[in-house]
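Remarks on the overall topology
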Amino acid sequence: MKIEVLSSGHVSASGFAASATLNDAVCQRVGCKTSHPVALLDSMAPELRRWSQVPRLRRASAISYFMLEAAHQALEAAPEIDRSRVGVVASFFLGCIVYTVRFYKQITEDGRRYASPILFPETVFNTPVSHLVSTLGLGGPVYSQVGDKSCWATALRTAECWLRLGSADHVLVLGAEEFDPQVLEALRSTGLHTRGMVLGEGAGALLLTSQSNGKRVQLTGVADGYGFANKAQAMDASRNSLAEFPRELPILSTATGWTQSIEASVAKGRLLKRDERCFSEAFTARAAWDTIHGIELLKKNHLEDLVIPYWGLTQQFACARFTNPSA
Amino acid sequence: MTLPSSRRVTITGYGCLTALGVGSVSTWQSLILGQSARVPITAIPVHGCRVTKGAQATLPNLPHLSAKQVERMSRASRLIHPAAREALSMADLLSGDGSCRLPRLETSISTTAGGMEKGEQFLQKVWKGQRGNRATLIAQYQAQQQIADLQRDFNFRGPATIISNACAGGANAIGHAADLIRSGMADIVLAGGFDALCELVYCGFDSLLTLAPEACRPFDRGRNGLMLGEGAALMVLESEEHAFKRGATIHGIVAGYGHATDTFHLTQPHQEGVILEQAMRQALDQAGLSASEVGYINAHGTGTPINDISEAKAFRRLFPVSTRLSSTKAAIGHTLGAAGAIEAVLSLLALKTGLLPPQLNLQDPEPDVMEMLVQQGEQLTMRSVMSVNLGFGGSNAALILTHS
């Protein structure tokens, strides 16, 4: 079975569409003693505000709006599909972190008896996806999946599984994250936040279909499950993951932070540079943006194949192969 | 859904840890005797909450690990570890040194909170301006760390799908593992779920006024809430061909899986249970069974007024009154991301032993299911059982297990 990329959606501080139209993100600075640049979305942007006016979404977290907008873009570009046959797999590293931190702070400061019953449901990983399928009227299977950035690749694999089994005709694969200052604090504590890393927020969506026309870019393989617990294992994991695909294929440069040196080592001579303007580090959202960007490069440069790596920062490496039959 | 059933999905190992006991045998024995694990909660701070009791597990000793390793682990990791050992051992996948015989073993596991108490401790440190140990707390907080702990302790690697479909996630994780095998994308998968009690989630349910101040009474007209619990359960699922090839003992079959999303309300199911019915029908279709061929249903049955009536209406429409029904949450509590996995293991044990877990704390049964509820001492007379779960966000999942 061929699995093709039907359309995509992109929501980041750089813009609200395909990366060809994106701008440099305007960075704000966050932090107390030392400030750090972060690329945040403008919550007053009409593309986000329209979702906050949907009655069910009045109290939803920002991540729900990001996901909805990205999914909406992807679905709008494929108006002919039957939405009752669209499945959704969302991948998260942190999920609804803003409301989670706010809810816990409220318990800590005001007392457990005063915890907000309005906030709590919005802290649940599954909530943004629930808002999404309800608002956009999607009727296929729905999963929220969690992990480091590489869980985007696991989500691609889930989509492949559903399409193979016929559980859905199309699957929206989403990566979405929202920013909270505690995330910066956490990454600095663990040494994962390195010099030059710009944290961000947003979402990306890829609409995959099993209804092939033979001309669209195809998802032709996912290699995941290469875990690591230290840097030496990480090097092996990345090598083994990339080795699932032929050695001559180009690899999109997607590494951030501490994984950049590993990428430079294991993908030497095969790296295709990305557009540096467009991307901040927003974990699963970043994995989605990298994928969308890679697919555009595949088409623009008339490449036959491209391997897109997902350098999970904490647990595993994964990568996916995309093939352009029109090249 | 049209699902090819060319690859039968077998269960070759299972294990669990609940507030009723460490291991499937002790849990099952206590359950059949009609015991409930409700105790005052001491593992997490609950002072000030409206309800302060729940199904708290006794943390097991982990003699195969060093004291330092155990100390660093999240509560969730400590719960899932014995369940994994039991399941892998039963499936004959553990070698003499305690390592998994397969260097690559895919996992499909559910959780709602991961190592949340470590995240809570991290935030407390940040807010109090304390340094030190923050990196460990953050590492242990993430849901993928509990899977990484399993991979390290049992020495295997492999794709790890972590499903967080709220309280239906455990059933989804097992169903997804079965899908991976049916689609030919995997031959063998370690599947299940886990969740540990934590302050944030406990206070969340307390704030929603969904915790039962007295005993949890699923499907009783006087029910007034759920009992939060904790635990873990895992199953080794493999294709029949793979199981035969390595001579594994088959304990049951995952014959059907259905899942559907209820968009009626974020935290409440459709009042008539129509989406649950849809998920159950999918599972029946995949299993090639009629509703009358299912002998026992392990219901989600949280004990909240809205959940149980919705479920009861769906069961009443789809199944004959002769079908036996109970919710084991009155005994082991609502274990969130683990619930679907634990309840699948309990359903399998009903199949294997022919005994049925009674519906505890029943005084005035919900009329729609009055005749279906299991009494103490009842036995299973059929070869198929179903386990259903519902979750926040509208996740509904149904699993059908049959004799091998």
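Please refer to the structure placed before this passage.
The text that follows walks through the structure, step by step, so that each part is easy to find. All values reported here derive from a predicted model rather than from experimental measurement.

Rules used throughout
- Residues numbered from 1 in each chain as written.
- Chains lettered and ligands numbered in written order.
- Predicted model: local features only at pLDDT ≥ 70, side-chain atom pairs only at ≥ 80, totals over all residues.
- Heavy atoms only, no water.
- Helix = DSSP H or I, 4+ residues; strand = E, 2+ residues; numbered from the N terminus.
- Rg over C-alpha atoms; globule rule 2.2 N^0.38 Å.
- Buried < 20%, exposed > 50% of the residue type's maximum accessible area, 1.4 Å probe, protein only.
- Contact = heavy atoms within 4.5 Å.
- Lys, Arg positive; Asp, Glu negative; His and termini not counted.
- Charge placed at Lys NZ, Arg CZ, Asp CG, Glu CD.
- Buried area = accessible area lost by both parts, 1.4 Å probe.
- Polar contact = N/O pair within 3.5 Å; in protein donor to acceptor, adjacent residues only side chain to side chain.
- Axes fitted to C-alpha atoms, helices over the stretch in contact; angles between N-to-C directions.
- Parallel < 35°, antiparallel > 145°, perpendicular 65-115°, else oblique.
- Left-handed = near helix turned anticlockwise from the far one by under 90°.
- Nonpolar A, V, L, I, M, F, W, Y, C, P; charged D, E, K, R; others polar.
- Expected span 1.5 Å × (residues − 1).
- Arc of directions from axis to C-beta.
- Pairing = 2+ DSSP bridges.
- Disulfide = S-S within 2.5 Å.
- Salt bridge = Lys/Arg side-chain N within 4 Å of Asp/Glu carboxyl O.
- Core = buried A, V, L, I, M, F, W, Y, C linked by side-chain atoms within 4.5 Å.

Some points on the overall build of chain A
Counting secondary structure elements, chain A contains 9 helices and 13 strands. In summary, chain A has a C-alpha radius of gyration of 19 Å against a globular reference of 20 Å for 327 residues, a match within 12%. Along the longest, intermediate and shortest principal axes, the C-alpha atoms of chain A span 60 × 45 × 35 Å. Counting only residues that meet the buried cut, chain A has 64% of its 327 residues in that class. Looking at chain A alone, contacts between residues at least 24 apart form 74% of all its contacts between residues at least 6 apart.

Observations regarding the overall build of chain B
Of the regular secondary structure elements, chain B holds 13 helices and 13 strands. In terms of overall size, chain B behaves like a compact globule, its C-alpha atoms giving a radius of gyration of 20 Å where 404 residues would be expected to give roughly 22 Å. Along the three orthogonal principal directions, the C-alpha set of chain B runs to about 60 × 55 × 40 Å. Taking all 404 residues of chain B together, the buried fraction comes to 69%. For chain B, the distance from the average position of its 33 positive side-chain charges to the average position of its 33 negative side-chain charges is 6 Å.

Observations concerning the interface of chain B and chain A
With 64 residues of chain B at the contact, the number on the chain A side is 58 residues. Carbon and sulfur atoms make up 59% of the area that chain B and chain A hide from each other, which totals about 5,300 Å². Contact with chain A buries surface across chain B, with B:Trp127, B:Met185 and B:Leu266 losing the most and accounting together for 12% of the total. Taken together, the links from chain B to chain A amount to 27 residue pairs in polar contact (both at pLDDT 80 or more). At the level of elements, α4 (116-128), α5 (134-141), α6 (143-154), β6 (160-163), α7 (169-182), α8 (199-207) and β9 (252-261) of chain B are the ones that each hand at least two residues to the side of chain B that touches chain A.

A few points about the packing of helix α10 (residues 274-287) of chain B against helix α11 (residues 305-318) of chain B
All names here are of chain B. Running from N to C, α10 and α11 cross one another at 45°; their axes reach a closest spacing of 8 Å. With respect to their mutual orientation, α10 and α11 come out oblique. Where α10 crosses over α11, the handedness of that crossing is right-handed. Judged by residue contacts, Val-274, Leu-276, Glu-277, Met-280, Arg-281 and Leu-284 of α10 engage Glu-311, Ala-314, Phe-315, Arg-317 and Leu-318 from α11. Taken together, the residues of the contact of α10 with α11 sort by class into 7 nonpolar, no polar and 4 charged.

Here's the deal with helix α7 (residues 231-242) of chain A
Residue and element names in this part refer to chain A. Its 12 residues place the ends of α7 17 Å apart at the C-alpha level, agreeing with the 16 Å of an ideal helix rising 1.5 Å per residue. Of all the positions in α7, only Ala-234, Ala-237, Ser-238, Ser-241 and Leu-242 are classed as buried. In a view along the axis of α7, the buried residues occupy a sector of 120°, so they form one face of it. Looking at the buried residues of α7, the elements they touch are β9 (218-227), β10 (251-252), α8 (259-266), β12 (305-311) and β13 (316-323).

Quick notes on helix α13 (residues 339-353) of chain B
Residue and element names in this part refer to chain B. Between the first and last C-alpha of α13 there are 21 Å, a value that for 15 residues agrees with the 21 Å anticipated at 1.5 Å per step. A large share of α13 lies buried, amounting to 13 of its 15 residues. Positive backbone phi, at 80°, marks Gly-354, one or two positions downstream of α13.

Section: the pairing of strand β7 (residues 188-195) of chain B
Residues and elements named next belong to chain B. Along β7, 8 of the 8 residues are buried, which leaves the element largely enclosed by surrounding structure. The alternating pattern of β7 places Ile-188, Leu-190, Gly-192 and Phe-194 on one face and Val-189, Ala-191, Gly-193 and Asp-195 on the opposite face, and all of these are buried. Pairing between strand β5 (residues 106-110) and β7: 5 bridges, direction parallel. Bridge assignment links Glu-106 to a residue of β7, and that residue is Val-189.

So, the state of the cysteines
The final tally for this structure, using the stated rule, is 0 disulfides over all chains. Distance from the sulfur of A:Cys161, which forms no disulfide, to the nearest cysteine sulfur (A:Cys151) is 16 Å.

Side note on the pattern of salt bridges
Residues and elements named next belong to chain B. Applying the stated rule across the entire model yields 31 salt bridges over all chains. As a salt-bridge pair, Glu-343 and Lys-329 come within 2.9 Å of each other at their nearest N and O atoms. Taken together, the residues Glu-343 in helix α13 and Lys-329 in helix α12 (residues 329-332) connect sequence positions 14 residues apart. Because the salt bridges share partners, they merge into one network encompassing Glu-272, Glu-277, Arg-281 and Arg-317.

Points about unusual backbone geometry
For residues that are not glycine, phi is negative in most cases, and the peptide bond is trans in most cases. Residues and elements named next belong to chain B. Despite not being glycine, Asn-133 has its phi angle at roughly 70°, a positive value. Inspection of the secondary structure assignment puts Asn-133 in the loop between α4 and α5. A positive phi is found at Phe-219, a non-glycine position, where the angle reads about 60°. Position of Phe-219 relative to the elements: it lies in the loop between α8 and β8 (231-239). In this structure Phe-219 comes out as buried when scored by relative accessible area, which is 0%.

Thoughts on the side chain of B:Asn165
Mapping B:Asn165 onto the fold places it in the loop between β6 and α7. Within the structure, B:Asn165 has its side chain in polar contact with the side chain of B:Asn172 (distance 3.3 Å). Setting aside residues no more than four positions away along its own chain, B:Asn165 makes contact with A:Asn126, A:Val142, A:Tyr143, A:Ser144, B:Asn172 and B:Ser395.

Overview of the nonpolar core
Core analysis: the largest hydrophobic core is formed by 86 residues, its most contacted members being A:Leu156, A:Leu206, A:Leu208, A:Tyr310, A:Phe322, B:Met235 and B:Leu237. Setting aside anything within four residues of it in sequence, one finds B:Leu237 in contact with B:Val9, B:Thr10, B:Ile11, B:Ile174, B:Ala177, B:Ala178, B:Ile181, B:Asp187, B:Ile188, B:Val189 and B:Val254. A:Phe120, A:Phe179, B:Val51 and B:Ile138 belong to the second largest nonpolar core, which has 70 residues in total.

Details of the environment of A:Val5
Residue and element names in this part refer to chain A. Within the secondary structure, Val-5 is located in strand β1 (residues 4-11). Accessibility expressed as a relative area gives 10% for Val-5, which makes it buried. As for Val-5 and Glu-122, which are separated by 117 residues in sequence, their C-alpha atoms are 31 Å apart.

Structural measurements only, silent on function.
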